[in-house]
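Structural overview
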Amino acid sequence: PSFGVRFDDHTLYVKGGNRGLSKFGAAGLFWTEGYTDVGAEVGATFFDHLSIQVGSYNGSEQSPGQTFPFPSKDRALCVNASFATEIIEDDLSAMVGYSRYMRPRSSTSGVDAAVALNGIYGGVRAGPVTLLAEFDKGENVFISGIGDYVDAVNALAIEGGINITKGLTGILRFETYKDEP
């Protein structure tokens, strides 16, 4: 689904994390490689600056490759809205956006606990320098590395880039992640 700023097809931890391969412990959300959401998404741009996407999916974070048959209760809704504009033509531009992914689920104890993931993101470009940032906060989210749900999760990604020469861009990225079981 359209969620967040989507540089490099989601930030590291939103797209599945490290799964413990680095020996620092598994961390990351459920959108791992092979994850398939089947559904529909509709988007529109208004006034050349405001963009909105809304989608409905059948995704099941516990079985990322399973799409058929459609899980009966695994219906997800994702909303993404962003505003982008040039402040000084060809020299300074900015964008800001918000995403929300949500779906109901039944916990193993039989208590319903909705999965919710919220993302706030933004970016600034000044000449050859670009800065992007995204903060994600989730509730009752499935963590791919540990194979279980956690009550709360926070992820932050900041990326800076500079156009060194035509076809060569330097990129520096910082990401951090914390979950609370």
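Each chain carries its own residue numbering, running from 1 in the direction its sequence is written. This being a predicted model, a pLDDT of at least 70 is required before a residue's local features are given, and a value of 80 or more before pairs of side-chain atoms are given or counted; all residues contribute to the totals for chains, interfaces and linings. To get the side-chain values, all heavy atoms of the structure are used, and hydrogens and water are removed first.

**Examining a nonpolar patch on the surface**
The grouping of Phe46, Phe47, Leu50, Ile52, Val54, Leu77, Phe83 and Val96 at the surface amounts to a nonpolar patch, some 690 Å² of accessible area in total. For the nonpolar patch, the secondary-structure elements that each account for two or more residues are β2 (50-57) and β3 (76-88). Only DSSP runs of H or I reaching four residues or more are called helices, and only runs of E reaching two or more are called strands; each is numbered from the N terminus. The dominant element in the nonpolar patch, judged by the number of residues it contributes, is β2, at three residues. By secondary structure assignment, the location of Phe47 is in the loop between β1 (39-46) and β2. The patches described consist of residues with a relative accessible area above 30% and no salt bridge, like charges being joined within 9 Å and nonpolar side chains (Val, Leu, Ile, Met, Phe, Trp, Tyr) within 5 Å. The Shrake-Rupley method, run with a 1.4 Å probe sphere, supplies the accessible areas, and residue values consider only the shown protein chains as cover. Salt bridge, as used here: a side-chain nitrogen of Lys or Arg that lies within 4 Å of a carboxyl oxygen of Asp or Glu.

**Observations regarding the confidence of the model for the protein chain**
Per-residue pLDDT for the protein chain averages 76, and the proportion of residues at 70 or more is 65%. Confidence of the prediction at every residue is given by pLDDT, a number between 0 and 100. Should any heavy atoms of two residues lie within 4.5 Å, those residues are considered in contact. Across residues 64-72 the pLDDT falls below 50, and counting only partners more than four positions away or on other chains, this stretch makes twelve contacts in the model.

**Re the sheet that holds strand β8 (residues 168-180)**
The pairing criterion for strands is at least two bridges between them, as found by DSSP. Reading across the sheet, the eight strands line up as β1-β2-β3-β4-β5-β6-β7-β8 and stay open at both edges, with antiparallel pairing between neighbours. Each of the sheet's edge strands pairs with one partner strand only, and the pair in question is β1 and β8. Strand-to-strand, the axes of this sheet are offset by a mean angle of 10°, without reference to chain direction. Where β1 meets β2, eight bridges bridge the pair, whose relative direction is antiparallel. The residue bridging Phe46 from the neighbouring strand is Leu50, located in β2. To get an axis, a line is fitted to the C-alpha atoms, and for a helix only the part in contact is used. The angle between two axes follows their N-to-C directions and goes from 0 to 180 degrees.

**Examining the side chain of Glu159**
Looking at the element boundaries, Glu159 is found in strand β7 (residues 148-165). The buried label applies to any residue whose accessible area, calculated with a 1.4 Å probe on protein chains only, is under 20% of its type's maximum; exposed applies above 50%, and partly exposed to all values in between. Of the residues examined, Glu159 reaches a relative accessible area of 13% and is grouped as buried. Each polar contact in these results corresponds to two N or O atoms within 3.5 Å; when the atoms are within protein, one needs to be able to donate a hydrogen and the other to accept it, and residues that are neighboring in sequence are counted only if both atoms are side-chain atoms. Here Arg173 takes part through its side chain, which lies 2.8 Å from a polar atom of the side chain of Glu159.

**Some thoughts on the pairing of β1**
In terms of burial, β1 is a largely surface element, zero of the eight residues being buried. Counting the residues in the hairpin turn of β1 and β2 gives three residues, including Phe47, whose phi is positive at 55°.

**Comments concerning the environment of Phe83**
Tracing the backbone through its elements, the reader meets Phe83 in strand β3. Taking relative accessible area as the criterion, Phe83 reaches 39% and is therefore assigned partly exposed. Apart from residues no more than four positions distant in its own chain, Phe83 is found in contact with His49, Leu50, Ala94, Met95 and Val96.

**A few points about the pairing of β3**
With eight bridges joining them, β2 and β3 adopt antiparallel strand pairing. Looking across to β3, one finds that Val54 is bridged to Val79. Here β3 runs beside strand β4 (residues 92-103); their pairing, made up of eleven bridges, is antiparallel. Its bridge partner being in β4, Ile88 is matched across the sheet by Leu92. The hairpin turn running from β3 into β4, its antiparallel successor, is three residues long, and Asp90 in that turn takes a positive phi close to 65°.

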